[in-house]
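An overview of the molecular structure
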Amino acid sequence: MDLGFRGEVTDFYHRYRRGYPPAVVDTLVNAFSLDHDDVVLDVGCGTGQLTLPLSKHVGVAIGLDPEADMLTRARAAANEDGARNVTWSLGSDEDLTTLHSLLAPRGFAGITIAQAAHWMDHDALFRSCVPTLRPGGGLAVVTNGKPLWQHDTAWSRALYDVLSTWLGTPPRATCGTDDDSQARYRESLGSAGFTVRTAHIEYSDELTLEHVIGSVYSAFGANSLPAPDRRPVFEEMVRTALEPHRPFNEPVRVGLVIGTR
Ligand SMILES: C[S@@+](CC[C@H](N)C(=O)[O-])C[C@H]1O[C@@H](n2cnc3c(N)ncnc32)[C@H](O)[C@@H]1O
């Protein structure tokens, strides 16, 4: 599987994508009554943005992802963090049932899908999760705020225009953050037999221009990332368009669609 999360994109992702504030982790810990006997599985773990903070509250955390470079970076981050109770598995959501038989016969306490459900057949995935969860456990679809170029601010609109010009088409992907996708996750979890609720954690953060550009690069696939010799042109376009609109305040709204058994 080559989804484009490899090479330099992995580094941009790890360096410039947001992690999750403690309130998000606390919400999950409370929702699934997590404790240090529990095993949690983070599907589409990337470089461990949610896996690592969650691991502090459980016995074992497993990060599952089909992109080897993301897992290599996640493992390095775990080492830097001193996290000893995390393991990383190369595979996709389709490996969940096998992983469950192998690693957590008494059931996962929590399954998280953070900023990744839009890559998956979530109807099939949610159904397949049900028999793998311990009683009181559950599944959470987490979204980490809208893409940077979809906010209702002048700098975000300027970024949208730059990307539209660069790509030759407007960047439309919402990555599961839009209302329709959120409604689909809720309905799908309900149909799979979960009790569903939602939570939101909101905060605001000021970005540097370097962070804006790095975050945009992290959203390009490895095949569409501007080549190093074209990056100065791209970065100058972004700088010229955004500079009049400082500060670059980003309203971040983390969404959690939580299903419990
Ligand atoms: C946008 S990143 C999210 C990373 C991290 N969870 C976060 O919250 O920032 C999406 C991740 O999902 C992974 N992914 C895509 N399709 C997948 C699938 N079918 N099963 C598991 N992971 C998948 C990608 O390789 C990528 O690392």
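These figures come from a predicted structure and were not determined experimentally.

Moving on, we get to a negative patch on the surface. A contiguous patch of negative charge on the surface is contributed by E94, D95, D121 and D123. As for its placement among the helices and strands, D123 is situated in helix 6 (residues 122–129). A relative accessible area of 36% means that D123 is categorised as partly exposed.

With that out of the way, let us pick up the packing of aromatic side chains. Centre distance and the angle of the planes are the two values used to describe a pair of aromatic rings. Applying the stated criterion across every chain yields a total of 9 aromatic pairs. Consider the rings of F5 and W119, whose centres lie 5.5 Å apart with planes at 70°: the pair is edge-to-face. Taken together, the positions of F5 in the segment before helix 1 (8–16) and W119 in the loop between strand 4 (108–114) and helix 6 put the pair 114 residues apart, joining distant regions of the chain. Using a relative accessible area of 18% as the deciding quantity, one classes F5 as buried. Between W166 and F234, the aromatic rings sit 4.9 Å apart at their centres with planes inclined by 70°, giving edge-to-face as the arrangement. Of this pair, W166 sits in helix 7 (residues 154–167) while F234 is found in helix 10 (residues 231–242), placing the two residues 68 residues apart along the sequence. The same class applies to W166 as to F234, namely buried. Here a set of aromatic residues connected by ring pairs shows up, and it is made of F12, Y16, W166, Y217, F220 and F234. Against the face of Y217 rests R231, its NZ or CZ located 5.5 Å from the ring centre.

Sheet topology note: the strand 2 (residues 60–65)/strand 3 (residues 86–90) ladder contains 5 bridges and is parallel. Bridge assignment links A61 to a residue of strand 3, and that residue is V86. Taken together, strand 2, helix 4 (residues 68–81) and strand 3 constitute a β-α-β crossover, and its handedness is right-handed.

What follows is about unusual backbone geometry. With omega at -5°, the peptide bond leading from R246 into P247 counts as cis. Within the element layout of this structure, P247 appears in the loop between helix 10 and strand 7 (248–260). Even without being glycine, S33 reaches a positive phi, approximately 45°. Looking at the secondary structure, you find S33 in the loop between helix 2 (22–31) and strand 1 (39–43). Given the relative accessible area of 52%, S33 is considered exposed. Of note, Q115 is a non-glycine position whose phi angle comes to about 55°, a positive value. Looking at the secondary structure, you find Q115 in the loop between strand 4 and helix 6.

Definitions and cut-offs
Starting afresh in each chain, residues are numbered from 1 along the sequence in its written order. Where totals are concerned, whole chains, interfaces and linings use all residues; where local detail is concerned, this predicted model gives features only for residues with pLDDT of at least 70, and gives and counts side-chain atom pairs only at 80 or more. Note that the side-chain values use all heavy atoms of the structure and ignore hydrogens as well as water. Exposure above 30% relative accessible area and the lack of any salt bridge qualify a residue for a patch; like charges then connect within 9 Å, and the nonpolar side chains Val, Leu, Ile, Met, Phe, Trp and Tyr within 5 Å. Surface accessibility follows the Shrake-Rupley procedure with a 1.4 Å probe radius. Residue values consider only the protein chains on display as shielding. Just to be clear on terms, a salt bridge is a Lys or Arg side-chain nitrogen sitting within 4 Å of an Asp or Glu carboxyl oxygen. Only four residue types enter the tally: Lys and Arg on the positive side, Asp and Glu on the negative side, with His and both chain ends excluded. The atoms used to mark charge sites are NZ of Lys, CZ of Arg, CG of Asp and CD of Glu. Labels follow the DSSP assignment, with helices taken as runs of H or I lasting at least four residues and strands as runs of E lasting at least two, numbered in each case from the N terminus. When a residue's accessible area, from a 1.4 Å probe over protein chains only, is under 20% of the maximum for its type it is buried; when over 50% it is exposed; and in between it is partly exposed. In this analysis, rings of Phe, Tyr and Trp, with Trp reduced to its six-membered ring, are considered paired at centre separations within 6.5 Å, and the interplanar angle assigns stacked below 30 degrees, edge-to-face beyond 60, and tilted for intermediate values. The rule is short: NZ of Lys or CZ of Arg within 6 Å of the ring centre and within 35 degrees of the ring normal puts a charge over the ring. Paired strands, as defined in this entry, are two strands with at least two bridges between them according to DSSP. The handedness rule is simple: strands pointing away from the viewer, and a clockwise path from the first strand over the helix to the second, make the crossover right-handed.

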